[in-house]
Amino acid sequence: MGVSQGGFNVVGSSNGCAPFEVKVEKTVGDNYKYIYDYKGGSPLRTPYVPEDVTTHKYLKQGTYKILQLGSNGSGSVFCRTVNVYSPPNFTAKACSNRKIQVTILDDSTTKLYEGFTIDWGDVKENVSKAGIYTHSYSPATSIATVFVTGSVGGQSLGCSISVAPIVLNSTDLSTTSIRRVTLNNDGSVAVLIRAPVGTTTSVQVSQNSGAFTGLPGQITLTRDTATITVRDVNALKDTYCFRLNTNDGCANNAALTSNVVCATPLEVKAENRQNVAAWKEYPNAADFQNYRITRNLVSLGGASVRTNTTQTDANVTCGEQYCYQVTVRLAGGVESVSPSVCVKAISTEFPAVVQNAFVTVEDEGKINIFATPPASGATPAKFKTIFFRTENGSGDFKEIASLDNVLSYVDNAVNPNQQSYCYRIAYENSCGNRSQPSEPLCSIYLSSKSGSTVDWTPETPFLVPVNRYQLEILDEQGNPYDQVPVGVNTSYSPNVSDQQLFRYRILGFAQGGSGNSYSNFYVFKKNALLFIPDAFSPNGDNVNDVFAPKGQFVDKSRMIVYNRWGQVLFENNNALEGWDGTINGQPAVEGTYVFRIEITDSLGANFVKTGTVLLAR
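One structure accompanies this document, and this report is about it. (Residues numbered from 1 in each chain as written. Predicted model: local features only at pLDDT ≥ 70, side-chain atom pairs only at ≥ 80, totals over all residues. Heavy atoms only, no water.)

**Some remarks on the state of the cysteines**
Here the structure, examined in full by the defined rule, presents 6 disulfides. Disulfide pairing is shown between Cys17 and Cys159; the S-S distance is 1.7 Å. A torsion of -50° about the S-S bond marks the disulfide between Cys17 and Cys159 as left-handed. A residue pair is termed long-range when its members are at least 10 positions apart, and Cys17 in strand 2 (residues 15–17) and Cys159 in the loop between strand 15 (155–156) and strand 16 (166–167) qualify at 142 residues. By relative accessible area, which is 10% here, Cys17 ends up buried. Overall, the relative accessible area of 13% leaves Cys159 in the buried class. Here Cys323 engages in a disulfide with Cys342; their sulfurs sit 1.9 Å apart. (Disulfide = S-S within 2.5 Å. Helix = DSSP H or I, 4+ residues; strand = E, 2+ residues; numbered from the N terminus. Buried < 20%, exposed > 50% of the residue type's maximum accessible area, 1.4 Å probe, protein only.)

Have a look at this one:
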């Protein structure tokens with residue numbers, strides 16, 4: 001296009017950032033119009049609309065042609081070019097140790113620039129190309145706003161995208177550490193880490209003292225602690241150690257490795273009356289401080305020597321479950337925690353035979369059996385006592401009760417007033433190991449084999465011989481009357497004359513004083529005694545003048561006297577007062593008379609005596 005006529009200039013620079021406003025100024029002639037985005041072709045045809053304004057604002061990035069036309073659309077013409085740019089695309093982020101990283105993107109926008117200026121807020125830095133740049137700030141700065149502008153032809157265009165102020169990160173990546181390694185029962189490992197918020201870290205692992213290799217994946221902390229579970233290992237079998245590979249996400253900061261913490265496997269074996277815990281020696285001697293072991297979350301103590309890797313727990317009850325866990329305490333409060341391993345305590349020891357027991361008859365007609373634990377193999381916290389019984393001297397003992405954690409038994413299914421009962425006792429500890437049954441021990445059965453003695457069974461109510469017996473005597477009202485030592489005899493002849501009824505009970509004492517045993521009560525009765533004369537002589541000489549019986553234990557009596565034909569001649573309500581040999585006040589004739597005496601004794605028993613008596617004057 002010809003340029004011999006007309007002319008104009010762009011006031012100021014022909015390069016600028018959108019939105020970019022340009023102003024043109026003619027240099028020759030008058031009455032010109034302008035097309036501000038001329039793309040070729042006839043300027044007098046659509047889509048062009050020449051304007052007579054001298055300013056225009058460009059909103060988009062691009063290269064534009066400004067065409068000058070004469071006022072009538074013909075005549076002189078002139079062109080100039082304008083370049084419009086978008087601000088350079090960049091990102092800015094805080095890094096550790098009070099740094100900010102700026103990344104100028106290598107995209108179509110930034111490629112239009114010949115260089116860039118980074119305004120860090122406290123200093124400006126010129127760079128020649130897109131890339132990653134960092135800047136460190138002084139402790140006096142806590143917040144910074146960063147701008148990036150581009151330059152063309154050595155001229156900075158001065159435009160930058162808007163970026164929010166950045167809070168500087170004063171944390172130090174070297175504080176990132178593993179605080180605890182916990183070995184799980186499935187062989188996986190939970191790694192508790194502590195690091196500044198925003199830190200990006202990954203876990204590295206060493207197997208059996210081999211080189212550390214990184215595990216897939218990273219974690220960026222949103223708070224100062226996090227737990228990473230490592231599943232593709234079996235730390236129950238092999239030795240695994242862990243460390244962290246940490247960075248803050250800024251490319252120019254080198255990654256740091258953390259402290260090393262190793263997993264601690266634990267094995268627990270149940271042995272005879274003890275559990276033995278064993279764990280692997282912690283491999284890193286420099287960090288080691290001590291071992292601590294717990295049982296059911298309660299401390300059992302520990303060891304400060306790294307090679308001491310076992311602990312025996314003999315304070316166990318057979319059949320009970322115990323859960324153990326070892327914690328390795330390391331420098332700086334770091335821990336390696338084993339899995340919790342549970343075992344049930346066992347015992348191969350059978351309890352000894354019960355040696356101390358006795359039976360006794362209670363007042364209510366029951367039999368109580370008491371025992372003490374065997375001398376060995378007992379488990380006081382949990383056990384069973386098994387009771388066997390036989391009757392009438394039979395050797396066929398049958399189990400009658402099995403009681404938990406009780407050493408005595410009340411046998412209600414017996415009648416000790418009729419016979420003796422023999423028992424045997426077995427003890428079963430918490431492991432299910434049962435002792436042999438004890439020797440028999442039998443209740444004392446008291447009875448009478450004759451009308452003049454009380455007798456009792458000779459079998460011992462203890463698991464030792466009887467040392468001595470004592471006969472207890474109670475009167476008709478149940479009050480203690482006497483206590484008679486009878487040695488080791490099993491029979492006694494009572495000698496009491498002022499009571500018709502006495503209750504007796506035997507008390508046996510064991511050799512060595514290991515108990516005493518009562519028998520049943522036995523009631524010993526004397527019959528009422530009555531002496532009846534067969535003749536009397538009512539002649540007034542005061543010798544045998546009255547026919548009167550003599551008696552003991554007589555409470556009530558009645559006498560009737562008949563003649564030989566059955567005619568009642570005399571009767572009274574107290575036979576012991578007798579008959580004086582008169583009938584209606586007149587002396588009866590000599591001869592034989594029939595009598596009937598009705599007696600009620602002091603125990604309420606009734607009986608009748610009949611016979612004849614001779615009256616002789």
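Let us keep going from here.
**What to know about the pattern of salt bridges**
The tally for this structure, following the rule as stated, stands at 16 salt bridges. Arg505 is the partner of Asp363 in a salt bridge, and the nearest nitrogen-oxygen pair spans 3.1 Å. Of the two residues, Asp363 sits in the loop between strand 34 (357–361) and strand 35 (367–371) while Arg505 sits in strand 46 (residues 501–510), which places them 142 residues apart along the sequence. On the basis of relative accessible area, Asp363 is assigned to the exposed category, the value being 55%. Arg505 sits in the buried class, given a relative accessible area of 12%. Through salt bridges with shared partners, one network takes in Arg558, Glu571, Arg596 and Glu598. (Salt bridge = Lys/Arg side-chain N within 4 Å of Asp/Glu carboxyl O.)

**Topic: the sheet that holds strand 26 (residues 266–271)**
The strand order 26-27-30 describes an open sheet built from 3 strands, whose pairing is antiparallel. Each edge of the open sheet is held by one strand with a lone partner, namely strand 26 and strand 30 (310–313). For this sheet the average axis-to-axis angle between neighbouring strands, irrespective of direction, equals 15°. Here 6 bridges tie strand 26 to strand 27 (residues 274–279), and the two strands are oriented antiparallel to one another. Residue Lys269 lies in a different strand from strand 27, and its bridge partner there is Val276. (Pairing = 2+ DSSP bridges. Axes fitted to C-alpha atoms, helices over the stretch in contact; angles between N-to-C directions.)

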